[in-house]
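# Descriptive analysis of the structure
Each chain is listed here by its residues.
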Amino acid sequence: MLQGKRGLIFGVANKRSIAWAIAKAASASGAQVALTYQNERLGESVRELAATLPGETPCIECDVTHDVSLDAAFDEVKIRFGSLDFLVHSVAFARKEELSGGYSQTSREGFHFAQDVSTYSFTAVARRGAALMEGRAGAMITLTYIGAERVIPNYNVMGVAKAALEASVRYLAADLGPRGIRVNAISAGPIKTLAAAGIGDFSQILEHHKNKAPLRKNTEAEEVADSALFLLSPLSRGITGEVIHVDGGYSIMGT
Ligand code: NAD
Ligand code: IMJ
C-alpha cells in the first residue's frame, strides 16, 4: 500500500510503542521509513529495532519541545530522503503528578508542559513535514485517546491536551489541504505500552474495555498500525481532518 513512499515516524521508544507497530507495517507495505527518538537514552534500542527493517532506516534524535532539535532533525531528513510522503506523530507526555487526583489541581506549568509535548509538537512537525511534501499528496497522522471526548479517570491534563490535538488536526487539515496534504488522527483503545506503565488499575481498564467493546477484545498495536496504513495510503485519499476510532467499537457504547 505504501510502495516506494518515504515516511518519518516520531515516537518509537521500544518494541511495544504504537509508532514501532506502524513503522513495521509501513515497511512491510513497501515504504522506507526514518525514525526519531527523544534522547540518546533511547537511541541504542531504537537503532537496534531499526536494524531489523529491510533497507536503510535513518534514526534521528529529536526532542519535540525544542525548535533547534526539530529543525536539525528535518534538515537531516531532507539530506537523507529529499522529500516526504507521510509523517506519523505518536508522542505524548505529562508530568506524573498531573495524572492522578482531581483535574482542578492541575498546575499552570503542568498544563503548559502537557500541551507543549503532546499538542503543539504535532503542529510543529506538521509545518516542517509539509515543506518536504510539496507536490506529493502527503499524509500525516497523530494518535489520540477517548479521554479527549469524555472524562476518563486520571487522564486529566492529557484529556485536555488530546482535545486540543484533535482540534489541531482539523485546523491543520484545512490549512494544508489546498497543498494536497491530508491530516487525520487515530483514537486508539488502551494498549499496554510505556505510556501506560505505572498507570494505576490499567489491568482493570483493559478488562473493562474488553467486556464493553462490541468486538469484545482489547485493541492491539497491530490493528492501529493497519488503520494507519489506510490513512497514509491513497485508499483514504478522500479523508482529511478526521478522527477514526480504532478501539473495537468501545466509543459507540452508551453504557
Ligand atoms: P510510548 O511511550 O511507546 O510512546 C510515546 C512516545 O513519546 C515515546 O517514544 C517517547 O519517547 C515520546 N516522547 C515523549 N516526550 C517526547 C519529547 N519531548 N520529544 C520527542 N518524543 C517524546 O507509548 P504509546 O502508547 O505508543 O504512545 C504513542 C501515542 O499513542 C501517544 O500520543 C499516546 O497518547 C497515544 N495513545 C496511546 C494509547 C495507549 O493506551 N497506549 C491509547 C491511545 C492513544
Ligand atoms: C494515561 C494516564 C491516565 C489514564 C490513562 C492513560 N489511560 C490510558 C492512558 C486510561 C489508556 C494511556 N494514554 C492514552 C496516554 O496517552 C498516556 C500518556 C502519558 C502517560 C504517562 C505515564 C508516565 C508519565 N507521564 C505520562 N504522560 C502521558 O510520567
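Attention here is on the structure that accompanies the text. On a predicted model such as this, the values are computed, not experimentally measured, just so you know.

## As for the sheet that holds strand S4 (residues 86-89)
Note: strands within a sheet are paired through backbone hydrogen bonds, in either parallel or antiparallel orientation. Strand order in the open sheet formed by 7 strands is S3-S2-S1-S4-S5-S6-S7, and the pairing between neighbours is parallel. Every other strand in the sheet has two partners, leaving strand S3 (59-61) and strand S7 (243-246) as the edge strands with one partner each. When strand polarity is set aside, the average angle formed by the axes of neighbouring strands in this sheet is 20°. Sheet analysis places strand S6 (residues 182-188) next to S7, joined by 4 bridges and oriented parallel. The residue bridging Ser-187 from the neighbouring strand is His-245, located in S7. Contacting strand S2 (32-37) and S3, helix H2 (residues 40-50) crosses the sheet at an angle of about 160° to S2. Set on the sheet, helix H4 (residues 108-131) makes contact with strand S1 (6-10), S4, strand S5 (139-144) and S6; between it and S4 the angle comes to about 170°.

## A look at the side chain of Ser-236
Counting through the fold element by element, Ser-236 comes out in the loop between helix H7 (221-232) and S7. Within the local environment of Ser-236, its side chain forms a polar contact with the backbone oxygen of Leu-231, the two atoms lying 3.2 Å apart. With residues up to four places along the chain from it excluded, the contact list for Ser-236 reads Arg-182, Phe-230 and Leu-231.

## Here we look at the site of ligand 2
Around ligand 2, the structure places 14 residues, and the nearest of them are Phe-93, Ala-94, Tyr-145, Tyr-155 and Ala-195. Within the backbone of Ala-94, a nitrogen or oxygen atom sits 2.7 Å from a nitrogen atom of ligand 2. Within the side chain of Tyr-155, a nitrogen or oxygen atom sits 2.7 Å from an oxygen atom of ligand 2. Its free accessible area being 600 Å², ligand 2 has 89% of it covered by the protein chains. Placement of ligand 2 is best described as lying within the largest pocket.

## Thoughts on the nonpolar core
Judged by nonpolar contacts, the single largest core of 37 residues is most densely connected at Ile-9, Ile-22 and Leu-35. At the level of elements, helix H1 (18-28), S2, H2, S4, S5, S6 and H7 are the ones that each hand at least two residues to this core. Of the residues forming this core, the biggest block, 8 residues, is contributed by H1. Leaving out residues up to four positions away in the same chain, Leu-35 has contacts with Ile-9, Val-12, Trp-20, Ala-23, Val-46, Ala-50, Thr-57, Pro-58, Cys-59 and Ile-60. In terms of nonpolar packing, the next biggest core, distinct from the first, is built from 32 residues, Phe-74, Val-91, Val-117 and Val-125 among them.

What counts, and where the lines are drawn
- Residues numbered from 1 in each chain as written.
- Chains lettered and ligands numbered in written order.
- Predicted model: local features only at pLDDT ≥ 70, side-chain atom pairs only at ≥ 80, totals over all residues.
- Heavy atoms only, no water.
- Pairing = 2+ DSSP bridges.
- Helix = DSSP H or I, 4+ residues; strand = E, 2+ residues; numbered from the N terminus.
- Axes fitted to C-alpha atoms, helices over the stretch in contact; angles between N-to-C directions.
- Contact = heavy atoms within 4.5 Å.
- Polar contact = N/O pair within 3.5 Å; in protein donor to acceptor, adjacent residues only side chain to side chain.
- Near = heavy atom within 4 Å.
- Areas by Shrake-Rupley, 256 points an atom, 1.4 Å probe, with all protein chains shown as cover.
- 1 Å grid on protein atoms, 1.4 Å probe; cavity = no way out; pocket = protein on both sides within 12 Å on 5 of 7 lines; lining within 4 Å.
- Sits in = over half its atoms within 2 Å of the grid points.
- Core = buried A, V, L, I, M, F, W, Y, C linked by side-chain atoms within 4.5 Å.
- Buried < 20%, exposed > 50% of the residue type's maximum accessible area, 1.4 Å probe, protein only.

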